[in-house]
Amino acid sequence: MTTNAYQLTSSATAPAVSSATREFFAATSNLFSALHASLFKTAAPRDLTVFEEAEQVRLLAESYADTDRGFAADLFAAADRHELQNRA
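This one's a predicted model, so the numbers in the text were calculated from it and none came from an experiment.

(A) Local environment of a nonpolar patch on the surface. A grouping of F32, L35, L39 and F40 is seen on the molecular surface, where their side chains present a nonpolar patch of about 450 Å² in accessible area. With respect to the helices and strands, F32 occurs in helix α1 (residues 14-39).

(B) Structural detail: the environment of E53. With respect to the element layout, E53 can be found in helix α2 (residues 50-64). As a C-alpha pair, E53 and H82 span 29 residues in sequence and 8.6 Å in three-dimensional space. Setting aside residues up to four positions removed in sequence, E53 forms contacts with L48 and H82.

(C) Spotlight on the packing of aromatic side chains. Under the counting rule described, the total for this entry stands at two aromatic pairs. Geometrically, the ring pair formed by Y64 and F71 is edge-to-face, given 4.9 Å between the ring centres and 85° between the ring planes. By relative accessible area, which is 34% here, F71 ends up partly exposed.

(D) View of α2. Taking 1.5 Å as the rise per residue, α2 with 15 residues should run 21 Å; its terminal C-alpha atoms sit 22 Å apart, in good agreement. Among the residues of α2, A54, R58 and A61 are the ones counted as buried. On an axial view of α2, the arc spanned by its buried residues comes to 55°, and they lie on one face. The inward-facing, buried residues of α2 abut α3 (69-85).

(E) View of the side chain of E83. With respect to the secondary-structure elements, E83 resides in helix α3. E83 gets classed as buried once you look at its relative accessible area, which sits at 15%. Here R58 takes part through its side chain, which lies 2.6 Å from a polar atom of the side chain of E83. In contact with E83, not counting residues within four places along its chain, are V50, F51, A54 and R58.

(F) Structural view of α3. Taking 1.5 Å as the rise per residue, α3 with 17 residues should run 24 Å; its terminal C-alpha atoms sit 24 Å apart, in good agreement. Among all positions of α3, only A72, L75, A79 and E83 are buried. Axial view of α3: buried residues confined to an arc of 70°, hence all on one face. Residues of α3 that are exposed and point more than 90 degrees away from the buried face comprise D74, L84 and Q85. Check the buried side of α3 and you find it contacts α2.

Analysis parameters
- Residues numbered from 1 in each chain as written.
- Predicted model: local features only at pLDDT ≥ 70, side-chain atom pairs only at ≥ 80, totals over all residues.
- Heavy atoms only, no water.
- Patch = residues over 30% accessible without salt bridge, like charges linked within 9 Å, V, L, I, M, F, W, Y side chains within 5 Å.
- Areas by Shrake-Rupley, 256 points an atom, 1.4 Å probe, with all protein chains shown as cover.
- Salt bridge = Lys/Arg side-chain N within 4 Å of Asp/Glu carboxyl O.
- Helix = DSSP H or I, 4+ residues; strand = E, 2+ residues; numbered from the N terminus.
- Contact = heavy atoms within 4.5 Å.
- Phe/Tyr/Trp six-rings, centres within 6.5 Å; stacked < 30°, edge-to-face > 60°.
- Buried < 20%, exposed > 50% of the residue type's maximum accessible area, 1.4 Å probe, protein only.
- Expected span 1.5 Å × (residues − 1).
- Arc of directions from axis to C-beta.
- Polar contact = N/O pair within 3.5 Å; in protein donor to acceptor, adjacent residues only side chain to side chain.

Geometric values such as these leave the question of function open.
Okay, structure coming up:
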């Protein structure tokens, strides 16, 4: 039985090519990110008003009205309480 051992030697140009390839892909990624950001600008998210927050809770309560009336009632009460306590 014989064993063959191979030793791979790296040439002086291999690290440069690898480094150049890595830099190329990083630059390409940055380019596509910038392009996407400029084409698909989105508005900065704004804070919800107290009324909008309460309405979201009421919508959630309506979704539970048929299956769990008690939980829905608690959610409606919480929405009302939130709106009353945080009124400007």
